[in-house]
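Listed below are the residues making up each chain.
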Amino acid sequence: MVLVRRSPLNSVKSAEALRQSVGLTLAENEITVLFIDAGAWLSVPLSPEIIAGGQIGKHIDALIMLQARLKVEGESLDSYGIDRARVIDGIEILSEEDVVSEITSADAVIPF
Amino acid sequence: MRLGILLTSGMESEDARTVRKIGEAALRLGHEVDLFLMDDGVFNLDCLRPLTEHGARITVCAHNAHERGVQKVEGVLFGGQNDWAEIANRSERVIVFG
């Protein structure tokens with residue numbers, strides 16, 4: 001599991017997290033990418049590359065195509081005032097309790 | 001045990017020191033250590049390279065190294081995310097710093 005906590009707009013770390021997630025699929029790893037806290041912004045259409053924030057759209061498209069599981073915490077969306085209807089198709093919205101279940105069932109958790 | 005360690009933070013952080021100490025201790029205990037450096041973690045290559053003298057394998061993300069002007073050195077693989085994928089897959093424990 002790759003856990004993304006940072007906003008894509010202040011750091012390239014989020015884009016790097018997505019790039020790593022695509023790479024992790026290459027060794028037959030089952031990948032879950034979970035967006036929480038400010039990382040919830042990655043679940044809606046954004047263009048941080050305009051401000052040198054790193055590419056995210058192409059990595060999300062690739063992960064969906066590679067059948068990685070993409071999830072976002074609903075409470076994080078709400079806390080940042082992000083309209084749940086804007087969440088990209090293919091990204092599942094989870095409750096806090098489901099997030100804990102996902103984390104505890106992962107073989108490894110890689111936070112960014 | 002096979003430990004896979006990912007370092008993404010640079011020299012402004014204590015993380016590299018922690019990685020070096022954990023790596024040294026793990027090797028003394030007979031564990032295998034695979035270290036992957038990416039993002040600003042590539043700046044710590046010189047600090048961590050001595051671990052290879054004790055059997056650790058170090059891989060650097062060549063993309064991030066190129067971005068930051070970090071030069072290739074002997075004994076370290078300048079690879080990519082597919083290498084980290086293999087490390088994560090074969091490691092029994094994965095530790096992330098950064």
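Residues numbered from 1 in each chain as written. Chains lettered and ligands numbered in written order. Predicted model: local features only at pLDDT ≥ 70, side-chain atom pairs only at ≥ 80, totals over all residues. Heavy atoms only, no water.

A.B. asks: Can you walk me through the side chain of R19 of chain A in this structure?
C.D. replies: Mapped onto the secondary structure, R19 of chain A falls in helix α1 (residues 13-24). For R19 of chain A, a relative accessible area of 16% translates into the label buried. When near neighbours in sequence (up to four residues on either side) are disregarded, R19 of chain A contacts H59 of chain A together with M38, C61, H63, N64 and Q81 of chain B. (Helix = DSSP H or I, 4+ residues; strand = E, 2+ residues; numbered from the N terminus. Buried < 20%, exposed > 50% of the residue type's maximum accessible area, 1.4 Å probe, protein only. Contact = heavy atoms within 4.5 Å.)

A.B. asks: Can you help me understand the interface of chain B and chain A in this one?
C.D. replies: Note on interface size: it is often stated as the accessible area lost on association of the parts. The interface of chain B with chain A comprises 18 residues on the first partner and 15 residues on the second. Both faces considered, chain B and chain A share a buried interface measuring about 1300 Å² in area, 56% of it formed by carbon and sulfur atoms. The three residues of chain B that bury the most area against chain A are Q81, A85 and V96 of chain B, which together make up 31% of that side's buried surface. Summed over the shared surface of chain B and chain A, the number is zero salt bridges. Where chain B packs against chain A, one counts seven residue pairs in polar contact (both at pLDDT 80 or more). (Buried area = accessible area lost by both parts, 1.4 Å probe. Salt bridge = Lys/Arg side-chain N within 4 Å of Asp/Glu carboxyl O. Polar contact = N/O pair within 3.5 Å; in protein donor to acceptor, adjacent residues only side chain to side chain.)

A.B. asks: What's the story with the side chain of H59 of chain A in this structure? I'm lost.
C.D. replies: Residues and elements named next belong to chain A. Following the sequence through the fold, H59 ends up in helix α2 (residues 57-65). Looking at H59, the relative accessible area reads 13%, which means it is buried. When sequence neighbours within four positions are dropped, the list of residues in contact with H59 reads A15, L18, R19 and V22.

A.B. asks: When you look at a nonpolar patch on the surface in this model, what are you seeing that I'm missing?
C.D. replies: Together, L9, I50 and I51 of chain A give the surface a local cluster of nonpolar side chains, amounting to about 320 Å² of exposed area. Positionally, I51 of chain A belongs in the loop between β2 (32-35) and α2. (Patch = residues over 30% accessible without salt bridge, like charges linked within 9 Å, V, L, I, M, F, W, Y side chains within 5 Å. Areas by Shrake-Rupley, 256 points an atom, 1.4 Å probe, with all protein chains shown as cover.)

A.B. asks: Is there a simple way to explain helix α4 (residues 81-90) of chain B in this structure?
C.D. replies: Along an α-helix, a turn takes 3.6 residues, which lines up residues three or four apart on a common side. Among the residues of α4 of chain B, those classed as buried are Q81, W84, A85, I87 and A88 of chain B. Buried residues of α4 of chain B fall within an arc of 165° about the axis and therefore sit on the same side. The elements touched by buried residues of α4 of chain B are α1 and β5 (110-111) of chain A together with β1 (2-7), β2 (32-37), β3 (57-61) and β5 (93-97) of chain B. (Arc of directions from axis to C-beta.)

A.B. asks: In this structure, what is going on with the sheet that holds strand β4 (residues 77-79) of chain B? I would like to understand it.
C.D. replies: By way of backbone hydrogen bonds, the strands of a sheet pair with one another, either parallel or antiparallel. Residues and elements named next belong to chain B. Spatially, β4-β3-β2-β1-β5 is the arrangement adopted by the five strands of the open sheet, whose pairing is parallel. Of all the strands in the sheet, the pair left with one neighbour each is β4 and β5. In this sheet, neighbouring strand axes are inclined to one another by 20° on average, regardless of whether the strands run parallel or antiparallel. Note: β1 against β5, five bridges, orientation parallel. Note on β5: the bridge partner recorded for L3 is R93. The strands touched by helix α1 (residues 15-28) are β1, β2 and β5; relative to β1, the strand with the most contacts, the crossing angle is about 170°. (Pairing = 2+ DSSP bridges. Axes fitted to C-alpha atoms, helices over the stretch in contact; angles between N-to-C directions.)

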